[in-house]
Amino acid sequence: MSDFKEVEKIIQRNKVEDEKDNKKVSNKKDKFIDDGRSIADMNIEGFSWHTPNKYSTERKNLSDLKLTRKERMAMILGALQAILPIALMMILLFFGVFLLISFWLS
């Protein structure tokens, strides 16, 4: 009878040790390898980084243009020529208001 009890104790001890070994093995994590896939679309309306599909397709179409250096500079100068007169008028207007206030208060 005592032999059976000893055998039972040994079996129980082995079960506990096996469970501990299984826990140790299950706690090890596999190394994460990023393959570039997106799990969820993070383009959520209301967040600061949200870009509607309309703008993203326009940006893609503009990036597909193969502009030379001369063409790019011509575009930049054209934009500056359109903005510069308005910017100068605004600066002169603020300067005039500043002068008017400074003469009024002195």
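Computed from a predicted model, the values in this text were never measured in an experiment.

About the cut-offs
Residues numbered from 1 in each chain as written. Predicted model: local features only at pLDDT ≥ 70, side-chain atom pairs only at ≥ 80, totals over all residues. Heavy atoms only, no water. Helix = DSSP H or I, 4+ residues; strand = E, 2+ residues; numbered from the N terminus. Buried < 20%, exposed > 50% of the residue type's maximum accessible area, 1.4 Å probe, protein only. Areas by Shrake-Rupley, 256 points an atom, 1.4 Å probe, with all protein chains shown as cover. Expected span 1.5 Å × (residues − 1). Patch = residues over 30% accessible without salt bridge, like charges linked within 9 Å, V, L, I, M, F, W, Y side chains within 5 Å. Salt bridge = Lys/Arg side-chain N within 4 Å of Asp/Glu carboxyl O. Bend = angle between axes of the 7 residues up to and from the residue. pLDDT = per-residue confidence, 0-100.

### Observations regarding the overall build of the protein chain
No. 1: Counting its regular elements, the protein chain contains 3 helices and 0 strands.
No. 2: In the protein chain, the succession of α and β elements from N to C terminus is α-α-α.
No. 3: Residues counted as buried form 0% of the 106 residues belonging to the protein chain.
No. 4: Per element, the accessible surface of the protein chain, about 11,300 Å² overall, is 64% carbon and sulfur.

### Comments concerning helix H2 (residues 53–64)
No. 1: In this model, H2 (12 residues) spans 17 Å end to end at C-alpha, consistent with the 16 Å of a helix rising 1.5 Å per residue.
No. 2: Of all 12 residues that make up H2, 0 are buried, and the element is exposed over most of its length.

### Regarding a nonpolar patch on the surface
No. 1: Together, Leu93, Val97, Ile101, Trp104 and Leu105 line one region of the surface with nonpolar side chains, adding up to about 610 Å² of accessible area.
No. 2: Summarising the element assignment, Ile101 is placed in helix H3 (residues 69–105).

### A few points about H3
No. 1: Helix length check: H3 (37 residues) gives 52 Å between terminal C-alpha atoms against 54 Å at 1.5 Å per residue, within 8%.
No. 2: The principal kink in H3, of about 35°, is found at Ile83, preceding the proline Pro85 by one to four residues.

### Quick notes on the confidence of the model for the protein chain
No. 1: Averaged over all residues, the pLDDT of the protein chain is 81; the fraction at 70 or higher stands at 83%.
No. 2: Across the protein chain, the element-wise mean pLDDT spans from 67 in helix H1 (residues 2–27) up to 95 in H3.

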